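Structural overview
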Amino acid sequence: MIKGIKGVKDILPEETPRWRLIEETARRWALAYGFHEIRVPIFEVTALFARSIGASTDIVEKEMYTFQDRDGSSLTLRPEGTAGTVRAYIEHNRAADPLPQKYFYTGPMFRHERPQAGRLRQFHQFGVESFGTADPRADVEVIALLWRLLSDLKLPALTLEINNLGYAADRDAYRPQLVAYLKQQEEHLCGNCRRRIEANPLRVLDCKVPTCRVATDSAPRLADSLSDKARAHFGSVLTGLDTVGIPYSLNHRLVRGLDYYGLTTFEVTSTSLGAQNAVGAGGRYDSLVETLGGPMTPAVGFAVGLERMAMMLPETLSVSGAATVYVAGFGDRGSPAGFSALEELRVAGIRAVTDFRSASLKSHLRQADRLGCKFTLIIGDDEVTTGLATFRNMDTKVQQEVSLVTLISQVSALLQSS
RNA sequence: GUGGGUGUAGCUCAGUUGGUUAGAGCGCCGGAUUGUGGAUCCGGAGGUCGCGGGUUCGAAACCCGUCAUCCACCCCA
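For clarity, every value in this text was computed on a predicted model and none was experimentally measured.

A look at the overall build of chain A
- Of the regular secondary structure elements, chain A holds 17 helices and 16 strands.
- Each of the three principal axes of chain A carries a C-alpha extent, and together these read 95 × 50 × 50 Å.
- A buried classification covers 48% of the 418 residues belonging to chain A.
- Look at the contacts in chain A between residues 6 or more apart in sequence, and 67% of them connect residues 24 or more apart.

Here is the structure:
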């Protein structure tokens with residue numbers, strides 16, 4: 001038997017209603033905040049991701065699905081959505097358009113990781129990107145959108161954490177201080193963090209190993225090395241969040257895994273998720289557009305993991321066949337009459353189903369019951385003779401006759417009045 | 001890439017220190033009711049015990065390998 005690829009899951013009909021709820025909620029909120037949908041390819045030239053995400057990040061170093069095109073060029077299945085969106089923004093010269101450039105996207109992403117709870121090789125994200133606005137209110141707007149949509153879905157135990165990464169120059173000034181401190185503490189750090197001292201010292205602050213946390217508790221803080229401009233920006237973001245009533249907690253250890261973030265960075269986690277507890281995250285990336293060859297363009301955005309949101313939604317959310325009419329056509333004459341009535345109902349916009357395998361009224365009713373249909377239209381040979389079909393309410397068992405000639409108007413009326 | 005858990009019917013799982021023909025619940029099909037669903041009762045179908053090798057008179061069980069899957073590390077949405 002050919003099986004699906006490791007870490008790549010089917011979303012079966014039982015689960016798609018909750019997915020639709022998530023996607024529709026996200027879309028509705030994004031539109032409410034003035035974002036417009038963009039659809040970009042799921043694969044791009046490899047260099048795009050290497051340059052934007054950062055060559056030394058785990059994603060680029062070991063998690064990308066990269067392959068050769070027939071002409072030998074290197075292509076990659078997108079590991080996240082920002083790079084492609086920025087590429088499209090530059091390629092179509094959207095910067096020349098005076099309107100606010102605020103996009104949202106949704107779709108599959110690909111990372112070659114070991115699967116576990118809440119982590120797949122093909123997973124789905126919804127994300128937004130706001131281009132061209134350096135104003136801290138753009139940060140607030142994006143965070144507010146994220147918080148509103150998660151709250152709307154009533155996802156449990158959410159926390160919004162936020163941090164200020166400052167400008168690149170701020171981090172450059174801070175890094176030697178941190179490295180010097182970490183070298184003193186080296187014996188208390190885990191092997192991973194020892195390696196990170198040179199490669200990516202900021203990440204040591206984000207380590208979950210308890211001894212590392214203790215060792216870095218009194219480390220010099222990035223916050224103390226920030227420029228006035230960076231402080232002012234962050235201060236305005238926090239004030240803005242207070243103004244619109246979004247609860248947050250400061251986390252000076254919060255460091256995002258993608259290289260392009262600067263200034264504001266944030267993450268929403270849930271304690272109901274397991275080890276992979278981030279539902280969504282984002283931040284400001286003012287230099288990315290320029291890095292990728294576009295004009296200087298400030299930008300801020302976030303992405304949420306749809307699988308992780310789906311995990312938090314109650315299982316009870318399921319399909320309802322309540323408004324559906326089951327057509328039970330049986331017998332030599334009833335069967336074709338039922339088939340034609342079925343089509344009539346559908347053409348009239350009434351949701352109608354049947355089971356062509358069922359030949360007796362009994363088995364039809366059983367199927368109607370299983371499908372959760374509230375009504376069954378019974379058409380046997382007798383009904384064809386009299387020209388009157390039987391319309392049965394499955395809950396009350398009340399049956400009434402409807403003329404096959406005026407079927408649609410009568411059924412519509414009965415559905416309306418129920 | 002590393003570590004641990006689990007692989008038995010469509011699903012969830014039992015299966016005793018290794019012992020005859022591998023079980024249950026749910027689901028499915030049929031009947032009790034030949035034009036009226038759900039409930040109940042009766043009957044039935046459905047298994048290479050993940051795969052390969054080994055130990056043994058005998059393996060679902062023990063050993064080795066392998067694959068799959070889940071969880072965790074790492075990292076991230």
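Thoughts on the packing of helix 5 (residues 136-152) against helix 11 (residues 228-244)
- The geometry of helix 5 relative to helix 11 is characterised by a closest axis approach of 9 Å and an angle of 45° between their N-to-C directions. In this view, helix 5 runs oblique relative to helix 11, as classed from their interaxial angle. Taken as a pair, helix 5 and helix 11 cross one another with a handedness that is right-handed. In contact with Pro136, Asp139, Val140, Ile143 and Arg148 of helix 5, helix 11 contributes His233, Ser236, Val237, Gly240, Leu241 and Val244.

As for the pairing of strand 6 (residues 122-131)
- In terms of residue burial, strand 6 counts as a mostly covered element, since nine of its ten residues are buried.
- Of the strand pairs in this sheet, strand 5 (residues 101-110) and strand 6 are connected by ten bridges, and their pairing is antiparallel. By the bridge assignment for strand 6, Tyr105 is matched with Gly127.
- Sheet topology places strand 6 next to strand 11 (residues 299-305); seven bridges connect them, and they run antiparallel. Looking across to strand 11, one finds that Phe131 is bridged to Ala299.

Concerning the sheet that holds strand 3 (residues 65-68)
- Read across the open sheet, the three strands follow the order 2-4-3; overall the sheet is antiparallel. On the outer flanks of this sheet lie strand 2 (43-45) and strand 3, each paired with one strand and no other. Strand-to-strand, the axes of this sheet are offset by a mean angle of 30°, without reference to chain direction.
- Against the sheet, helix 2 (residues 46-53) touches strand 2, strand 3 and strand 4 (74-77), its axis set at about 80° to strand 2.

Parameters at a glance
Residues numbered from 1 in each chain as written. Chains lettered and ligands numbered in written order. Predicted model: local features only at pLDDT ≥ 70, side-chain atom pairs only at ≥ 80, totals over all residues. Heavy atoms only, no water. Helix = DSSP H or I, 4+ residues; strand = E, 2+ residues; numbered from the N terminus. Buried < 20%, exposed > 50% of the residue type's maximum accessible area, 1.4 Å probe, protein only. Contact = heavy atoms within 4.5 Å. Axes fitted to C-alpha atoms, helices over the stretch in contact; angles between N-to-C directions. Parallel < 35°, antiparallel > 145°, perpendicular 65-115°, else oblique. Left-handed = near helix turned anticlockwise from the far one by under 90°. Pairing = 2+ DSSP bridges.

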